[in-house]
Amino acid sequence: MRRLTLPMILLAVAACKPAGGSPEAEPAAADLPAAPAGWHRPKLIDAHAHLSPFAIPVIRRIMDENGVEYVVNLSGGNHADGDIEYSLKLAKVMEGRVVNCYNPDWYRIDEPDFGVVEARRLADSVAKGFRCLKIAKALGLFVRHGSGVLLEVDDPALDPLWAAAGRLGVPVYVHVADPKAFFRPCDETNERWAELQVHPSWCFHGQGFPSFDELLDAFERVVAKHPATTFIGVHLGNAAEEPDRVARMLAAYPNYYVDIAARVPEFGRHPPEKMRAFFVRWQDRVLFGTDVVFSPRHIMLGSTGTDRPTPDDARRFYQAHFRYFETQDRQIEHPTPIQGSWRIDAVGLPAEVLEKLYRKNAERLLKLGSGPGATPPAPSPF
Ligand SMILES: [Zn+2]
């Protein structure tokens, strides 16, 4: 056997280091070419939607027209009123292209075994084919004990539920707080006044609501306390106004992911170089989602004004997302006009980053399609 000499060892160590820097050095986002003109967009996974089981024709049409292969229904419901069975039927009729998330039954919050029973119900829904848990913004803003006291986002009563999701291997989507503008005075001085006039219940200024920071800090404590559970902070980690804060959490917690749903208009206001660097740096941890709502009488595309969107509007909505992520166009229209009249600059991501954003990350987390760990849809009782 040849003896290793010191120069040989030094040579071997040098060969293991990436050229020109420390082992942590990442390529600068600006150095990476955007997807080339002939690049083909993969079939999408829209990882953030709300679907009514009674809207199958419109769901199918809009998915097919926009190249969406799978859609994640964050409103799968719970056992209280039979929603689970309807959601399973929806998944079956859609041949597994719809994946459902379980929603806790907050009406039971005052029962002493709340967390344990909800954990058991989550496990039951997963056994039947559900793939995720979704917590709506009601937690922290509206869910109250019978005494009138708000349930805190990091209340230990919920620990069994977070832990069960980790054991079951299903991600937990969490929506806490809302756009920062909704926590400011809701009058004509508010930049989201047009939207707030249509949705006055989205105003969280005063009225005894916790602050934006209190809600975000409590959510971070949950993510930190449950490292074996995968959390997805929806709406760019619920803090599209602060990508540095989102990046800090992504760096601190390997179990933390984000989706981009309904926040292109907001994070699109940051300099495109900054957002491009963000999406390149965190390319394995960001999911594409839109926050579309499809019900028999109503389509919502990220938000709504007084008009009623059509499937043609849905096409424009998806195209506006593609333009932001795939081109380097300047001063373009964002997907959701009601969120503000400003324009945004596109980020033109590299092809491999787009593949992960549009498909691979969700494929992996939700065990869909042909990704690693993919499983066929669980047998449905119907
Ligand atoms: Zn949503």
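Scroll up for the structure.
In this convention, every chain numbers its residues from 1, walking through the sequence in written order. Local features are withheld for residues below a pLDDT of 70 in this predicted model, meaning they are given only at 70 or higher, and side-chain atom pairs are given and counted only at 80 or more; totals for whole chains, interfaces and linings count all residues.

1. A word on the overall build of the protein chain
- Strands here mean DSSP runs of E at least two residues long; helices mean DSSP runs of H or I at least four residues long; both are numbered from the N terminus. Counting its secondary structure elements, the protein chain contains 14 helices and 10 strands.
- Looking at the protein chain residue by residue over its 382 residues, the buried ones come to 42%.
- Within the protein chain, counting contacts between residues at least 6 apart in sequence, those at least 24 apart form 75% of the total. Exposure criterion: with C-beta atoms placed from backbone coordinates, a residue whose C-beta has 20 or more other C-beta atoms within 10 Å is buried, one with 12 or fewer is exposed, and one in between is partly exposed. Placing a C-beta atom from the backbone of each residue, one calls two residues in contact when those atoms lie within 7 Å.

2. Some words on the pairing of strand β3 (residues 98–102)
- In terms of burial, β3 is largely enclosed, as 5 of its 5 residues are buried.
- Burial along β3 is two-sided: V98, N100 and Y102 facing one way and V99 and C101 facing the other are all buried.
- Should DSSP find at least two bridges between two strands, the strands are taken to pair. Direction of pairing for strand β2 (residues 68–73) relative to β3: parallel, over a ladder of 3 bridges. Along β3, the bridge assignment pairs N73 with N100.
- Direction of pairing for β3 relative to strand β4 (residues 132–135): parallel, over a ladder of 2 bridges. Bridging from a neighbouring strand, Y102 pairs with L133 of β4.
- Here a crossover is taken to be right-handed if, once the strands point away from the viewer, the path from the first strand over the helix to the second is traced clockwise. For the segment spanning β3, helix α4 (residues 114–128) and β4, crossover handedness is right-handed.

3. Here's the deal with helix α12 (residues 272–281)
- Of the residues making up α12, those classed as buried are M275, R276, F278, F279 and V280.
- Packed against the buried residues of α12 are α10 (243–252), α11 (264–267), β8 (286–287) and α14 (351–366).

4. Considering unusual backbone geometry
- A positive phi angle, near 55°, is found at E95, a position not held by glycine.
- When you line up the elements, E95 lands in the loop between α3 (83–93) and β3.
- The exposure class of E95 is exposed, given the 9 C-beta atoms found within 10 Å.
- Unlike most non-glycine residues, L236 shows phi in positive territory, near 50°.
- Structurally, the position occupied by L236 is in helix α9 (residues 234–237).
- On the neighbour-count criterion, L236 (23 C-beta atoms within 10 Å) is buried.

5. A closer look at α4
- Here the expected span of a helix is defined as 1.5 Å times the quantity of residues minus one. When the terminal C-alpha atoms of α4 are compared, their 21 Å separation across 15 residues agrees well with the 21 Å that a helix rising 1.5 Å per residue should span.
- Along α4, the positions that sit buried rather than exposed are F114, G115, E118, A119, R121, L122 and S125. Along α4, the residues classed as buried sweep out an arc of 165° about the axis, all on the same side.
- Those residues of α4 hidden inside the fold are in contact with α3, β3, β4 and α6 (159–168).
- G129 sits one or two residues past α4 and shows a positive phi near 130°. The arc in question is the one spanned by the directions pointing from the helix axis to the C-beta atoms.

6. Things to note about the nonpolar core
- To define a nonpolar core, we join buried Ala, Val, Leu, Ile, Met, Phe, Trp, Tyr and Cys residues through C-beta atoms within 7 Å and take the resulting set. With 102 residues, the main nonpolar core has V72, L133, V172, Y173, V174, I232 and F279 as its most contacted residues.
- If you tally residues by element for this core, the top one is α14, at 7 residues.
- Residues within four places of V172 in sequence aside, it is in contact with L133, I135, W162, A165, T229, T230, F231 and I232.

In short, geometric facts, not functional conclusions.
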